[in-house]
Amino acid sequence: INPPDRMARRPSGTTLPALDSEPQPGHEGNTTPDQDARAKELGERLSAQLATEGGQNMVRVNGGHTCLMLRLLRARGWVIGDAEELCQEILAYRQEKGLDTIVQRVIGEQQLQDPSNPSFQPEIRDPVVKKVLPHLPCGRHGFTTLGQPVEIWRINQLRPAELMNQNSREEIEAWWHFHLESGLHAALAGASYSQQLLRGSVLVFDLKGFGARHLHSSCIRLLVSLFGIGQSKFPESLSRLYILNAPTIFSGLWNAVKGALNERTRKKIIMTNKPMHDDLASLIPAKFMPTFLGGESPCSIGERMSSTGASFTAVNVKARDDHRIPVQTNAGMYFGWEFFIEGGKDIKFGVFFFPPGKYSDGCGMDGGEEIIKLDKAGSQGQDTLTDVKEGTYVLVFDNKYSMMSSKDLSFIVDKGGDPLTSPMPSQDSPVGTRPSSGRAIGESVVTGVATPPISPTRTASGFP
C-alpha cells in the first residue's frame, strides 16, 4: 500500500525518537545483539498479522518494520511476549476505530504541515473533528531543528466546562484519534524534510494563566483517558514533553495525572516554572518559535476558544486605576465572562447595569445598578448572567486600592441569545448535564487542591 503524497517516505537509515544527532540506545542503529535477536523473533511471531492490509499500514506509519519492532519492545521492557500482545492489541484497536483511513477522511489529500509556513493548517472536512477542534487550544506549529513535529497546548485558553458541555466523549475521542494518527504522519514528514533521523513529537504545554477554572474533574478524567490512549495505542511516539510556566496549583493536577503514566513516559517530561527551557529553545529556531513563547513566528493556536469565536484579551491595569468593559445587551439574552490575573495577584471586580443611553465612558458607577458588588475577587473568576435587560452592563476591574502594583489582566466575554436553545448532550453522555450557563454547575475539582466551587449562574438581578 503506497503512502499518500502528504506523508513523506521514511528516509534511509532513520531511527526512532532521540534529541541528539545519534540514535539512542535501543533504537535502530544503536542496538545490542540481544536486542537485534529479540526484534527478529518478534517480527517472526507477528509476520502473519503484519502481512495484512492493516498490519502493513501500521508498519508504514511507524517508520518501517525494524522501527516498529524496536518501538514495541522498548514499550514493553524488551519482553517479547508482552510486545507481541501489545501489537495485537494495537492492530485490533486500529481496525475498530478506523485509524488506517482517518487522516484521509478528515483532510483528504491535503498536506498536514507546511515546513516553510509553521502556521499552516489544513482544512478540516470531517464534521465531528471540525466541531470539537475550536474547543481545544492545541495544534502543530512547524518542526524542530531535528525534524520533530512541535505540538503546542495553550492551557490558559482551555475552557473545560465548555469543552465538556458542548461535545460528547465520543466526539472528543474521534478528534483525538485523528490528532494521534496525524502525529505519526507528521513525524515521517519532518524526518523527510529535514533529512534527519525519525523521531517522535515534541509537546509543549504552556501553563501561563493556569488556575482553578482548569481543575474540572470530568475534563481531567477525560484527558487522563485520552493520554492513556496515546501511551498504549501509539507507544514511543513522544520524544519530549516540556511543561512551561508551571504554577504551584498545578501540583495537584500533576499528582492526579502522573499515576496514569508509565515510567518511560514520565522520564520524557521536563517541567519548569519559567516561560522557556534552554533545551527547548535550542530545538526550535527563533523564526519558527511562536511569539507567545518569545519567538518571532505568529501562531493562531488557541485563538478560537468559545462558541462565539471570542478569545482572551490581555490588558495592564495600572496602580490606582481601573479597567471597564461595557457590554451592550438586548432584553432576554445572556452574557458570561472569565478572567485571571497573572502571578496570582488579586483585584476588585464588580458588575453594574445602566439603562439605554445612561452609560458613557468615564462616568461614575454610582449612576448604575449594582448587579455584583464591587469587591476583591482574588486572581480569577467566571460567571454568567441570564435573562438580562436591555442596556449596558459594565464589568469593572478596580485596582485603585493598589498604590504601586499594576495588574496584568486577561479576560474573555461571550454573549448571545437564550442559552437554553443550545443543544444539550444526551442523558447517556458521561460528560454531565449542560446548565443554562454553558458549564457544569458545582463541578468538583481535583481532590486535595483548595479551590472554590464554580459559582452558580446568576439572573440579571444578581442573585442565584
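The sections below set out a description of the structure shown in this document. (Residues numbered from 1 in each chain as written. Predicted model: local features only at pLDDT ≥ 70, side-chain atom pairs only at ≥ 80, totals over all residues. Heavy atoms only, no water.)

Comments concerning the overall build of the protein chain
Across its full length, the protein chain carries 13 helices and 14 strands. Just so you have it, the protein chain exposes about 20400 Å², and 50% of that area is on carbon and sulfur atoms. (Helix = DSSP H or I, 4+ residues; strand = E, 2+ residues; numbered from the N terminus. Areas by Shrake-Rupley, 256 points an atom, 1.4 Å probe, with all protein chains shown as cover.)

Let's talk about the packing of aromatic side chains
Ring pairs (aromatic) are described by centroid distance and by the angle formed between their planes. Applying the stated criterion to the full structure yields 17 aromatic pairs. On the basis of an interplanar angle of 45 degrees and a centroid distance of 5.9 Å, the ring pair of Trp153 and Phe227 is categorised as tilted. On the criterion of sequence distance, the pair formed by Trp153 in strand 2 (residues 149–154) and Phe227 in helix 10 (residues 217–233) is long-range, its members being 74 residues apart. Since its relative accessible area comes to 25%, Phe227 is described here as partly exposed. A ring pair is formed by Phe335 and Trp337, whose centres lie 5.6 Å apart and whose planes are at 40 degrees; its orientation type is tilted. Accessibility assignment for this pair places Phe335 and Trp337 in one class, buried. Site record: aromatic cluster; members linked through ring pairs are Phe335, Trp337, Phe339, Phe349, Phe353, Tyr393, Phe397 and Phe411. Lys233 extends its terminal NZ or CZ atom over the ring of Tyr93, reaching a point 5.0 Å from the ring centre. (Phe/Tyr/Trp six-rings, centres within 6.5 Å; stacked < 30°, edge-to-face > 60°. Buried < 20%, exposed > 50% of the residue type's maximum accessible area, 1.4 Å probe, protein only. Lys NZ or Arg CZ within 6 Å of the ring centre and 35° of its normal.)

Observations regarding the sheet that holds strand 7 (residues 322–329)
Taken in spatial order, the four strands make up an open sheet running 7-12-9-10, and their pairing is antiparallel. The strands lining the two open edges of the sheet, one partner per strand, are strand 7 and strand 10 (369–376). Ignoring which end each strand starts from, the neighbouring axes of this sheet average 15 degrees apart. (Pairing = 2+ DSSP bridges. Axes fitted to C-alpha atoms, helices over the stretch in contact; angles between N-to-C directions.)

A word on the side chain of Ser297
Structurally, Ser297 is set in the loop between helix 13 (278–283) and strand 6 (313–317). Within the structure, Ser297 has its side chain in polar contact with the side chain of His141 (distance 2.9 Å). (Polar contact = N/O pair within 3.5 Å; in protein donor to acceptor, adjacent residues only side chain to side chain.)

Examining the sheet that holds strand 2
Across the sheet, which stays open at both edges, the five strands sit in the order 1-2-3-4-5 with mixed pairing between neighbours. Of all the strands in the sheet, the pair left with one neighbour each is strand 1 (138–143) and strand 5 (269–271). Averaged over all pairs of adjacent strands, the angle between strand axes in this sheet comes to 20 degrees, irrespective of strand direction. Pairing of strand 3 (residues 201–206) with strand 4 (residues 238–244), which is carried by six bridges, proceeds in the parallel orientation. Across the sheet, residue Phe205 finds its bridge partner in strand 4, namely Ile243. Packing of helix 9 (residues 169–194) onto the sheet brings it into contact with strand 1, strand 2 and strand 3, and relative to strand 1 it is tilted by some 5 degrees. (Contact = heavy atoms within 4.5 Å.)

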